[in-house]
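Examination of the molecular architecture
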Amino acid sequence: GIQVEQSPPDLILQEGANSTLRCNFSDSVNNLQWFHQNPWGQLINLFYIPSGTKQNGRLSATTVATERYSLLYISSSQTTDSGVYFCAVPFNDYKLSFGAGTTVTVRA
Amino acid sequence: ETGVTQSPTHLIKTRGQQVTLRCSSQSGHNTVSWYQQALGQGPQFIFQYYREEENGRGNFPPRFSGLQFPNYSSELNVNALELDDSALYLCASSSGGLPGRYFGPGTRLTVL
């Protein structure tokens, strides 16, 4: 199956700081999703981004499909950004392969 | 709020018992996928239902089974529960047999 690696595994930020999360994948894909999992376990879809760059408020994402990686940028971080960030790519058309996640802690 | 609902929120069972988890898909979506997330790990694909048929399965034993109903809601059944089945179970809603995009809040299962 397709391998998905995320880095760093853990990130501690001071409120207001910027950060970059990375997702590498082992094979070509036709889409990629970024999710945020809050402390209660809810997975929220942040971006559906097969290629290029998208922005949503303080978050943006860039996928370079030809080089098999994607980046998630968090700017001016807030305590509500805390949680686990996952990237996921499709495998066999119908299932998602998730990375192990990056745990982000934003301190006030 | 994704419109995907799951029940129950929490569940405690003992080894050997059977459990049924439920998921209602987002309005207009005909595909439901189920994922198991062990503590500290990413979700793992269990199976997907599209138009009431299983159209994909991950590396899970046959004691994990499911159903999808005409209204596209779905059930996940697990027989002969084992301690390692303790996890957060997530369902995801989508259309056209595509990978899940909108996830429910999950059911946290504890097996004692």
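The notes below deal with the structure included here. What you see is a predicted model; the values in this text were computed from it and never measured. (Residues numbered from 1 in each chain as written. Chains lettered and ligands numbered in written order. Predicted model: local features only at pLDDT ≥ 70, side-chain atom pairs only at ≥ 80, totals over all residues. Heavy atoms only, no water.)

Here's the deal with the state of the cysteines
All names here are of chain B. What the rule picks out here adds up to two disulfides over all chains. At a sulfur-sulfur separation of 1.9 Å, the disulfide partner of Cys23 is Cys91. The sign of the S-S torsion, about 75 degrees, decides the handedness of the disulfide formed by Cys23 and Cys91: right-handed. Here Cys23, found in strand β3 (residues 19-24), pairs with Cys91, found in strand β9 (residues 87-94); they are 68 residues apart in sequence, far enough to count as distant. (Disulfide = S-S within 2.5 Å. Helix = DSSP H or I, 4+ residues; strand = E, 2+ residues; numbered from the N terminus.)

A few points about the side chain of Gln6 of chain A
All names here are of chain A. Along the chain, the position of Gln6 falls in strand β1 (residues 4-7). At 3.1 Å, the side chain of Gln6 and the backbone nitrogen of Cys87 are in polar contact. Within the structure, the side chain of Gln6 is placed 3.1 Å from the backbone nitrogen of Gly101, a separation counted as a polar contact. With residues near it in sequence (within four places) discarded, Gln6 still touches Arg22, Cys23, Trp34, Tyr85, Phe86, Cys87, Gly99, Ala100, Gly101 and Thr102. (Polar contact = N/O pair within 3.5 Å; in protein donor to acceptor, adjacent residues only side chain to side chain. Contact = heavy atoms within 4.5 Å.)

Considerations on the pattern of salt bridges
Residues and elements named next belong to chain B. Summed over the entire model, instances satisfying the criterion amount to five salt bridges over all chains. For Glu82, the salt bridge identified is with Arg63, shortest N-O distance 3.3 Å. Note that Glu82 is positioned in the loop between β8 (74-78) and β9 and Arg63 in the loop between β6 (53-57) and β7 (64-68), a separation of 19 residues in sequence. For Asp85, the salt bridge goes to Arg63, with nearest N and O atoms at 2.8 Å. On the criterion of sequence distance, the pair formed by Asp85 in the loop between β8 and β9 and Arg63 in the loop between β6 and β7 is long-range, its members being 22 residues apart. Here Asp85 and Arg63 have matching classes, each one buried. (Salt bridge = Lys/Arg side-chain N within 4 Å of Asp/Glu carboxyl O. Buried < 20%, exposed > 50% of the residue type's maximum accessible area, 1.4 Å probe, protein only.)

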